[in-house]
Amino acid sequence: MAALLTGIPRLYKFGKVGLGTLIFGSQLGMSACDSNSGSAVEPQIPIVAFTESINITNQQYVNLRSDNGATYVTGGVRGLIVVRQNSSTYYAFERNCPYRANDTCARVQIDPSRLFLKDPCCGSQFDLQGRVQQGPASRALRQYNTSLSGNLLTITN
Ligand code: FES
């Protein structure tokens, strides 16, 4: 057994508990937003190239028929939220939360009130222009490019 242990890193020598705790600790970090992590470094949201086009008159986008209306659209890293600012201006935001972007729960939703956007992961809130309304997030939502041609809204990165 001693011969067996010589080649293994010092951590394991403290027995399975050390290694088990390390794996368990990292699993915990991945499933819930640890807003008290103390780490000032907010991981970057991955960059993905995409183009998504929607017909804003489609019934599934009925919420885009009034100003400040918001709807979900596929695309980006973890999906998009499109918000109508006015009849000719639409903003498209990445749903991957900019706070702890790697956490599995870091996905922004349209609040049931439809007055703001919220990440249930640990409660960050954003207004309908993507700006932080309530922490712990400190960065605005990533905004993608949009262009409107007739009823066709194209979203690109
Ligand atoms: S990851 Fe925690 S609020 Fe978004």
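Provided above is the structure to which this section pertains.
Residues numbered from 1 in each chain as written. Predicted model: local features only at pLDDT ≥ 70, side-chain atom pairs only at ≥ 80, totals over all residues. Heavy atoms only, no water.

**Q** Quick one: what's the story with the side chain of Asp119, residue by residue and with numbers?
**A** Relative to the helices and strands, Asp119 resides in the loop between strand 6 (117–118) and strand 7 (125–126). For the buried Asp119, which has no salt bridge, the nearest side chain bearing the opposite charge is Arg78, at an N-O separation of 7.5 Å. Every residue in contact with Asp119, bar those within four places of it in the chain, is listed here: Cys97, Cys105, Ala106, Arg107, Val108 and Ser124. (Helix = DSSP H or I, 4+ residues; strand = E, 2+ residues; numbered from the N terminus. Buried < 20%, exposed > 50% of the residue type's maximum accessible area, 1.4 Å probe, protein only. Lys, Arg positive; Asp, Glu negative; His and termini not counted. Salt bridge = Lys/Arg side-chain N within 4 Å of Asp/Glu carboxyl O. Contact = heavy atoms within 4.5 Å.)

**Q** Give me the sheet that holds strand 9 (residues 143–149): which residues, what numbers.
**A** Overall, antiparallel pairing links the 6 strands, which are arranged 1-10-9-4-3-2 in an open sheet. In this open sheet, the two strands that pair with only one neighbour each are strand 1 (51–55) and strand 2 (70–73). Across this sheet, the average inter-strand angle for adjacent strands is 25°, counted without regard to direction. The pairing of strand 4 (residues 89–94) with strand 9 spans 2 bridges and is classified as antiparallel. (Pairing = 2+ DSSP bridges. Axes fitted to C-alpha atoms, helices over the stretch in contact; angles between N-to-C directions.)

**Q** Give a description of the packing of aromatic side chains that names residues and reports values.
**A** Note on aromatic pairs: each is described by the distance of the centres and the angle between the planes. Following the criterion strictly, the structure yields 2 aromatic pairs and no others. Residues Phe50 and Tyr144 carry aromatic rings whose centres are separated by 4.8 Å and whose planes lie at 85° to one another, so their mutual orientation is edge-to-face. Here Tyr144 lies in strand 9 and Phe50 lies in the loop between helix 3 (16–31) and strand 1, a separation of 94 residues in the sequence. Owing to a relative accessible area of 14%, Phe50 belongs among the buried residues under this scheme. Measuring from centroid to centroid gives 6.1 Å for Tyr91 and Phe93, while their planes differ by 85°, and the two rings are edge-to-face. Exposure remark for Tyr91: the relative accessible area of 26% places this residue in the partly exposed category. In this structure Phe93 comes out as buried when scored by relative accessible area, which is 1%. (Phe/Tyr/Trp six-rings, centres within 6.5 Å; stacked < 30°, edge-to-face > 60°.)

**Q** Can you explain the environment of Pro98? Please cite residues and give values.
**A** As for its position among the elements, Pro98 is in the loop between strand 4 and strand 5 (109–110). The exposure class of Pro98 is buried, given its relative accessible area of 3%. Once the C-alpha coordinates of Pro98 and Ser124 are considered, the two residues, 26 residues apart in sequence, prove to be 9.8 Å apart.

**Q** Run through the side chain of Glu94, naming residues and quoting values.
**A** With respect to the helices and strands, the residue Glu94 is situated in strand 4. Within the buried set, Glu94 has no salt-bridge partner at all; the shortest N-O distance to an opposite charge, 5.2 Å, is to Arg142. A polar atom in the side chain of Glu94 sits 2.9 Å from the backbone nitrogen of Arg78. Those residues within four positions of Glu94 in sequence are excluded, and the remaining contacts are Ile45, Gly76, Val77, Arg78, Gly79, Leu141, Arg142 and Tyr144. (Polar contact = N/O pair within 3.5 Å; in protein donor to acceptor, adjacent residues only side chain to side chain.)

**Q** Account for the nonpolar core, with residues named and values stated.
**A** Ranked by size, the top nonpolar core spans 14 residues in total, and within it Ile81, Val83, Cys97, Val108, Leu117, Phe126 and Leu141 carry the most contacts. Counting residues in hydrophobic clusters, the runner-up holds 13 residues, among them Val73, Leu80, Val82 and Ala92. (Core = buried A, V, L, I, M, F, W, Y, C linked by side-chain atoms within 4.5 Å.)

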